[in-house]
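# Tertiary structure, described
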Amino acid sequence: MGAQKSIHAGKAKIDVNVDFTHKICASMMLPSLRNTGSPLSLVIGSLCIKHPNLFGGSEKLDVSWDKGLYDLNILVAYRRPRPQWVAQQCFVMQHSLSPEIGVHGIPVDNFSRSGSGGVNLSRLSVGLDLNEPASSKWSSTTSIKFENVRLLSDDGRSITRDLDGFPITCSGNAHDSMVVLKQESQYAKATDNSFSRFTMQIEQGIPVLSKWLIFNRFKFVASKGIKLGPAFLLTSLTGGSIVGDMAPYQAFAIGGLGSVRGYGEGAVGSGRSCLVANTEVTIPLSKMLEGSVFLDCGTDLGSGRLVPGNPALRQGKPGSGVGLGYGLRFKSPLGHFQVDYAINAFQQKTLYFGVTNLAS
């Protein structure tokens with residue numbers, strides 16, 4: 001049961017989307033991560049406030065609040081008008097809170113699910129985004145932000161160690177601080193029968209102060225789609241690596257929806273490096289329904305032992321895994337829904353639900 005409402009207050013627009021879906025319904029799709037005692041914890045919803053002309057000079061202000069069962073995200077973005085041929089500037093302030101399941105989650109049921117490891121990630125970032133003018137196929141975004149990362153227990157207390165007593169921050173304190181310079185470039189090309197996409201992301205930690213993190217993190221995603229008669233073949237390759245200072249929460253988590261299906265989130269491994277390959281064939285069954293078969297595989301390239309505290313080894317993660325299965329894709333005016341049924345290398349089956357492109 002949910003409600004959507006748009007309210008106009010002068011030139012400002014407020015979009016409200018609240019879902020009062022009961023916890024027992026959500027538990028059919030999501031593993032139980034922790035007990036939620038407050039009735040407000042069962043509310044899933046979002047609130048968005050947009051102002052197109054804040055100071056009379058076409059300055060735009062966006063404020064959004066999104067809450068899930070176990071996560072929260074607050075974003076404030078302020079944009080000033082600039083000529084189209086120069087980089088567009090956006091001041092951004094963001095605070096997010098979410099369970100750190102990918103690295104600190106505990107695999108259960110032969111790695112088909114990941115339970116709570118009692119570690120939650122609270123991240124505050126403030127900085128500037130610069131969107132370069134896009135060419136016909138390339139687009140680029142540069143940002144520089146200050147980030148403060150704090151680790152919390154399930155009851156909201158600051159913690160410095162996981163359940164096994166190993167440090168979960170790089171500094172050893174209750175929080176890590178860093179200034180991150182990030183460059184993201186994307187190439188996209190599409191025809192009637194195929195498309196190609198390549199995204200490259202580089203993050204550099206700048207040690208403004210001696211105790212702040214210094215690192216270089218690289219990630220790429222390459223995907224190719226080809227139409228084969230009525231069917232469509234989609235392949236993708238994702239990889240990355242990080243060198244320098246590192247906290248466990250910065251590791252590449254492998255496993256779960258969007259990675260290697262058949263496994264829980266991060267249940268394959270978590271390392272300084274990763275390589276994940278996905279192949280999927282979809283076949284139209286009707287105007288709004290498609291069937292699919294897929295094969296996923298991923299590995300941490302033996303880098304799990306290089307993550308501080310080696311959480312993957314302590315949790316028994318294999319470091320590499322293969323998942324295969326089939327699914328359904330349903331397209332509607334409200335959004336795209338998908339259901340995937342996958343089996344992993346341990347012959348354990350997993351069912352995934354997903355919703356994308358939800359109309360506002």
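Residues numbered from 1 in each chain as written. Predicted model: local features only at pLDDT ≥ 70, side-chain atom pairs only at ≥ 80, totals over all residues. Heavy atoms only, no water.

### Things to note about the pattern of salt bridges
For the structure on display, the rule yields 14 salt bridges. Salt-bridge contacts for R314 lead to D162; the nearest nitrogen and oxygen are separated by 3.0 Å. You can see R314 sitting in helix α3 (residues 311-314) and its partner D162 sitting in the loop between β10 (138-152) and β11 (175-190), a full 152 residues away along the chain. We classify R314 as partly exposed; its relative accessible area is 27%. D162 sits in the buried class, given a relative accessible area of 11%. (Salt bridge = Lys/Arg side-chain N within 4 Å of Asp/Glu carboxyl O. Helix = DSSP H or I, 4+ residues; strand = E, 2+ residues; numbered from the N terminus. Buried < 20%, exposed > 50% of the residue type's maximum accessible area, 1.4 Å probe, protein only.)

### Let's talk about the confidence of the model for the protein
Mean pLDDT over the protein stands at 87; residues scoring 70 or higher make up 86%. Note that residues 19-33 has pLDDT below 50 and, in this model, 24 contacts with residues that lie over four places away or in other chains. (pLDDT = per-residue confidence, 0-100. Contact = heavy atoms within 4.5 Å.)

### Some remarks on the pairing of strand β5 (residues 72-79)
With 8 bridges connecting them, strand β4 (residues 60-67) and β5 associate as antiparallel partners. Along β5, the bridge assignment pairs K60 with R79. A loop of 4 residues connects β4 with β5, the two strands running antiparallel in sequence. Relative to strand β6 (residues 88-99), β5 runs antiparallel, the two being bridged by 8 bridges. Across the sheet, the residue bridging to Y78 is F91, located in β6. (Pairing = 2+ DSSP bridges.)

### So, the packing of aromatic side chains
Using the criterion set out here, one finds 9 aromatic pairs in the structure. Between the aromatic rings of F198 and F220, the centroid separation amounts to 6.5 Å while the plane-to-plane angle is 25 degrees, which identifies the pairing as stacked. You can see F198 sitting in strand β12 (residues 194-206) and its partner F220 sitting in strand β13 (residues 215-228), a full 22 residues away along the chain. Judged by its relative accessible area of 28%, F198 is partly exposed. With 5.5 Å between their ring centres and 40 degrees between their planes, Y326 and Y341 make a pair best called tilted. Placement of Y326 in strand β19 (residues 320-332) and of Y341 in strand β20 (residues 335-344) is noted, with a sequence separation of 15 residues between them. (Phe/Tyr/Trp six-rings, centres within 6.5 Å; stacked < 30°, edge-to-face > 60°.)

### Re the nonpolar core
Counting 26 residues, the largest nonpolar core has L151, M178 and Y249 as the members making the most contacts within it. Contributions of two or more residues to this core are made by β10, β11, β15 (252-254) and β17 (273-284). Setting aside its immediate chain neighbours within four residues, L151 contacts V119, N120, L121, R157, S158, I159, I168, T169, A174 and Y249. (Core = buried A, V, L, I, M, F, W, Y, C linked by side-chain atoms within 4.5 Å.)

### A short note on a nonpolar patch on the surface
A cluster of nonpolar side chains, contributed by F91, M93, L124, L128, I144 and L181, occupies part of the molecular surface with about 460 Å² of accessible area. At the level of elements, β6 and β9 (120-131) are the ones that each hand at least two residues to the nonpolar patch. As for its placement among the helices and strands, I144 is situated in strand β10. On the accessibility criterion, I144 (40% relative accessible area) is partly exposed. (Patch = residues over 30% accessible without salt bridge, like charges linked within 9 Å, V, L, I, M, F, W, Y side chains within 5 Å. Areas by Shrake-Rupley, 256 points an atom, 1.4 Å probe, with all protein chains shown as cover.)

### Section: the pairing of β19
Working note: regular strand, side chains alternate between the two faces of the sheet. Across 11 bridges, strand β18 (residues 289-299) lies against β19 in antiparallel orientation. Of the residues in β19, the one forming a bridge with E290 is R329. Across 10 bridges, β19 lies against β20 in antiparallel orientation. Each bridged residue has a counterpart across the sheet, and for R329 the counterpart in β20 is Q338. The turn joining β19 and β20, which pair antiparallel and follow one another in sequence, is formed by 2 residues.

### Let's talk about the environment of I44
You can see I44 is positioned in strand β3 (residues 44-51). With relative accessibility at 26%, the residue I44 sits in the partly exposed group. Separated by 25 residues in sequence, I44 and L69 have C-alpha atoms that sit 6.2 Å apart.

### Overview of unusual backbone geometry
Positive phi, normally seen in glycine, also occurs at N110, with a value near 55 degrees. Inspection of the secondary structure assignment puts N110 in the loop between β7 (106-108) and β8 (113-115). With a phi close to 55 degrees, L301 is a non-glycine residue in the positive phi region. Of note, L301 is situated in the loop between β18 and α3.

### Some words on the side chain of T199
Checked against the element boundaries, T199 lands in strand β12. You can call T199 buried: its relative accessible area is 15%. At 3.3 Å, the side chain of T199 and the side chain of Q186 are in polar contact. For T199, the residues in contact, after removing those within four places along its chain, are E184, S185, Q186, K219, F220 and V221. (Polar contact = N/O pair within 3.5 Å; in protein donor to acceptor, adjacent residues only side chain to side chain.)

### Describing the environment of F146
Along the chain, F146 falls in strand β10. F146 gets classed as partly exposed once you look at its relative accessible area, which sits at 31%. Taking the C-alpha atoms as reference points, F146 and M178, separated by 32 residues in sequence, lie 5.9 Å from one another. Excluding its chain neighbours within four sequence positions, the residues that come into contact with F146 are L124, S125, V126, S177, M178, V179 and W212.

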